[in-house]
Amino acid sequence: MQRFKFILLFVLAIASNAKAQTVISGKVTDSQGTAIPFANVYIKNSFDGTNSKNDGSFSFQTSETGQRTLLVSFIGFKTFEKILELKGQPIQVEVILEEQINKIDGVTITAGAFEASDIKKVTVLKPLDIVTTASAAGDIMGAINTLPGTATVGESGRLFVRGGEGYETKVFIDGLEVRNAFGATAPNVPTRGRFSPFLFKGTIFSTGGYSAEYGQALSSALVLNSNDIAEKTQGDISLMTVGGDLAYTKKWDNSSISGKVQYTDLRPYQDLIKQDFDWKEAPNGKVAELVYRQKISGNGLLKVYTNMDISNLSIRQPNINNGGAKDTVSIGNDYFYLNTSYKDIIADRWTVRAGISTTLNQEEIGFNTDKIEEDEKGIHAKLAFNWEAAEKVSVNMGTEFFTKKYTNKFNIENGPNDAFDFKENIASTFVETDYFASNKFVVRTGLRLEHSSLLNQMWVNPRLAMSYKLTEKGQFSLAYGQYLQSAQNDYALVNQNLKPEKATHYILNYQYIHNDRVFRVETYLKKYDDLVKFTDANDFNPNNYSNTGFGEAKGVDVFWRDSKTFENTDYWISYSYVDSERDYRDFSSLATPSFVSNHNFSFVAKHFVVPLRTQFGATYNFASSRPFHNPNKSGFQNDKTPTFHDLSLNAAFLIKPNIILYMSSSNIFGRDNVFGYQYANQANAQGIYERQTVGQGAKRFIFLALFITLTKDGQENQLDNL
């Protein structure tokens, strides 16, 4: 009898358990109704569950009872949760998974922007590339000039972007403005950027459509992000054919300090190498840099960078209006730049960036017996916040203040000894929002407000950009924006009522990145308004200066980079086409400016030969003819220069683990490139306007250097910096 009762109770228990089984079924899809196979479907805190099938359907049984939570998860989507009442009756569930936004690996805004860093997905050039380009000679601007959108203007050395003048490109370090970012030079003598590429971990070169955070840049923004705390203590010695430098870095746990002194003197070099320029005193200068980094609290980082630069040069240039007699032009330049920045995480979803930069630039310009003194002081202060407002929304907002004072003193023999100056304060506010509609689509809207104390006026500049990720490897981007830049100092000095010049950018971009290969193609339209126009460049009548100038630039840029196909080889190809016309300055009609070449092409290659412990590099640059005005012909801007060609080579040989021998040569074939012509103001007896060529200072520039690194183990070198 007892045995019978036990069997009966066991059977009843099984029947009760079978009755409590609940069948849960349904289908897993995304928001567009597309089935999601292999999604993980299960009851929370249990072993009951299954995976969805190819059509997204699923079905499983559970013995759980009461209120339980159903979870459905799949990579790239938010986890789905739903509370079910389990009573043993079948339950049908419709599961729609919402895409999870990935702001790091998802779609990014790429229109107009080339980024050089080790972490951004849109990387095109790494910091190493900036200084291994053969034609650059260690100059950041020279390496950037191999990217599409730039033009070769050999008599300047500045960045001319998409039909814009050199002054239309602004440079920022850690988000703060750098005034006078290029070294002082004489007319038709190319210059270089002031800053060492070794200072920076990343570079953003935007040829248009850039963030609302950056103002007072009409065509382009070059944003340099400086290094954080140094990785190690070391010393560096550089011996070069044009000078030398000493550098030392001390590293502690939470801070580092670096110092560098550099002396450059081209006089011995130019005594050995024949020059086409007649130097009275070849360029020479002294530079001192100090960099301090300090980690503050958990996430804060303070950066302080200062640069002091003293340089001189004097050159004799033939005067076509004085029978070929030479004028002596001399430049003495004292420069000081201080940049202090701080960034930190101040709360959940909030970060802060703050900083201030100061620029002091003094130039004494001599023209025969006449003297001109230019003095510019500038300050830029910024306070900005980044707010992760929601999973799909990021906000970048802030306020900044620019101030500059410009003074020009004339000491003219048998002429006026006058001083002119002006001061302008610009207060700006910006806000920019990124909305990640999905991992394939992002929209950025921005607004920038600027107020000028000089004019007592305010301007509102809208910005808009969006990107759509077509595949995992390729995406399209669009950008639109309005940009302002105050009139140049020389013009504002004459007429302080000149409005800012204005440019409106329209950009369409496609970018493909896969397997260490990058392809970009971008087309653009840039419209100019309120350009400064005057009757004569030497006219000091303010009534003859106005903002009636206008213009347009349109074109296409193509870029290809491949570091995969050939072993130990990296190369890139850039091509730019631009069609640009303006009616500005003293132009008599709408025409293409003299700095515009319709076609620009660059090929850069680098190859490391392991047995020789040597990296070889080559750069070829081509620019089509540029227009100029020939008074011996009818019309305006009616003639063309010859085309520009330059093949440069370099090599870095590792002599010992800590010693490198570096060699480079520009224009190895010695082509006599011509950048333009200067014509006499009056015709000669035959009615012909005589001219002289604007060309290169020498057929080629040859550079040799020995780089020595001093560390405890003696195994470190500067190969990654060459």
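Predicted, not measured: the structure shown is a model, and the values here were computed from it.

Student: Could you give me a rundown of the overall build of the protein, with the residues and numbers involved?
Tutor: Helix and strand counts for the protein come out as 5 helices and 40 strands. Viewed in the frame of its principal axes, the protein has a C-alpha envelope of about 140 × 60 × 45 Å. Counting every position in the protein, which comprises 722 residues, the buried fraction comes to 49%. Counted over contacts in the protein with a minimum sequence separation of 6, partners at least 24 positions apart contribute 60%. Accessible surface, the protein: about 33900 Å² in total, of which carbon and sulfur atoms supply 56%. Here the protein contributes 74 positive and 78 negative side-chain charges, whose respective centroids are spaced 7 Å apart.

Student: Which residues make up the sheet that holds strand E6 (residues 80–86), and what values go with them?
Tutor: In space, the 4 strands of this open sheet follow the order E3-E2-E5-E6, with antiparallel pairing throughout. What marks the edges here is a single partner per strand, and that holds for strand E3 (49–51) and E6. On average, each strand axis in the sheet is inclined to that of its neighbour by 15°, with strand direction left out of account. When strand E5 (residues 66–73) meets E6, the two strands line up antiparallel, connected through 7 bridges. Within the sheet, the bridge partner assigned to Gly 66 lies in E6 and is Leu 86.

Student: I'd like to hear about unusual backbone geometry, residue by residue, with values.
Tutor: One non-glycine residue, Arg 162, adopts positive backbone phi at about 50°. Looking at the secondary structure, you find Arg 162 in the loop between strand E10 (160–161) and strand E11 (169–173). Even without a glycine there, the phi angle at Asp 174 is positive, about 50°. Counting through the fold element by element, Asp 174 comes out in the loop between E11 and strand E12 (176–178). When its relative accessible area of 21% is taken as the criterion, Asp 174 is described as partly exposed.

Student: Let's hear about the pairing of strand E29 (residues 517–534): which residues, and what values?
Tutor: Pairing between strand E28 (residues 501–514) and E29: 13 bridges, direction antiparallel. By the bridge assignment, Ile 507 is partnered in E29 with Tyr 524. Where E28 hands over to E29, the hairpin turn is made up of 2 residues, of which Asn 515 adopts a positive phi near 55°. When E29 meets strand E30 (residues 545–562), the two strands line up antiparallel, connected through 15 bridges.

Student: An account of the pattern of salt bridges is requested, with residue identities and associated values reported.
Tutor: Per the counting criterion, the structure on display carries 36 salt bridges. Of the charged contacts, one joins Glu 281 and Arg 267 as a salt bridge, the two residues approaching to 3.7 Å between their closest N and O atoms. Pair noted here: Glu 281 is in strand E18 (residues 278–296) and Arg 267 is in helix H4 (residues 267–272), with a separation of 14 residues, a long-range link. Between Arg 520 and Glu 522 there is a salt bridge, with its nearest N and O atoms 3.5 Å apart. In this pair, the class of Arg 520 matches that of Glu 522, namely buried.

Student: Run through a nonpolar patch on the surface, naming residues and quoting values.
Tutor: A cluster of nonpolar side chains, namely Tyr 468, Leu 470, Phe 476, Leu 478 and Leu 508, defines an oily patch on the protein surface of about 440 Å² accessible area. Mapped onto the elements, Leu 470 comes out in the loop between strand E26 (457–469) and strand E27 (474–485).

Student: Quick one: what's the story with the packing of aromatic side chains, residue by residue and with numbers?
Tutor: Think of a pair of aromatic rings as described by two things: how far the centres are apart, and how the planes are tilted against each other in angle. The full count for this structure, using the stated rule, is 29 aromatic pairs. Geometrically, the ring pair formed by Phe 195 and Tyr 337 is edge-to-face, given 5.8 Å between the ring centres and 65° between the ring planes. Note that Phe 195 is positioned in the loop between E12 and strand E13 (200–206) and Tyr 337 in strand E20 (residues 326–347), a separation of 142 residues in sequence. In this pair, the class of Phe 195 matches that of Tyr 337, namely buried. Here the aromatic cluster, defined as three or more aromatic residues joined through ring pairs, consists of Phe 195, Tyr 305 and Tyr 337. Cation over ring: Arg 194 sits above Tyr 335, and NZ or CZ is 3.8 Å from the ring centre.

Cut-offs used in this document
Residues numbered from 1 in each chain as written. Predicted model: local features only at pLDDT ≥ 70, side-chain atom pairs only at ≥ 80, totals over all residues. Heavy atoms only, no water. Helix = DSSP H or I, 4+ residues; strand = E, 2+ residues; numbered from the N terminus. Buried < 20%, exposed > 50% of the residue type's maximum accessible area, 1.4 Å probe, protein only. Contact = heavy atoms within 4.5 Å. Areas by Shrake-Rupley, 256 points an atom, 1.4 Å probe, with all protein chains shown as cover. Lys, Arg positive; Asp, Glu negative; His and termini not counted. Charge placed at Lys NZ, Arg CZ, Asp CG, Glu CD. Pairing = 2+ DSSP bridges. Axes fitted to C-alpha atoms, helices over the stretch in contact; angles between N-to-C directions. Salt bridge = Lys/Arg side-chain N within 4 Å of Asp/Glu carboxyl O. Patch = residues over 30% accessible without salt bridge, like charges linked within 9 Å, V, L, I, M, F, W, Y side chains within 5 Å. Phe/Tyr/Trp six-rings, centres within 6.5 Å; stacked < 30°, edge-to-face > 60°. Lys NZ or Arg CZ within 6 Å of the ring centre and 35° of its normal.

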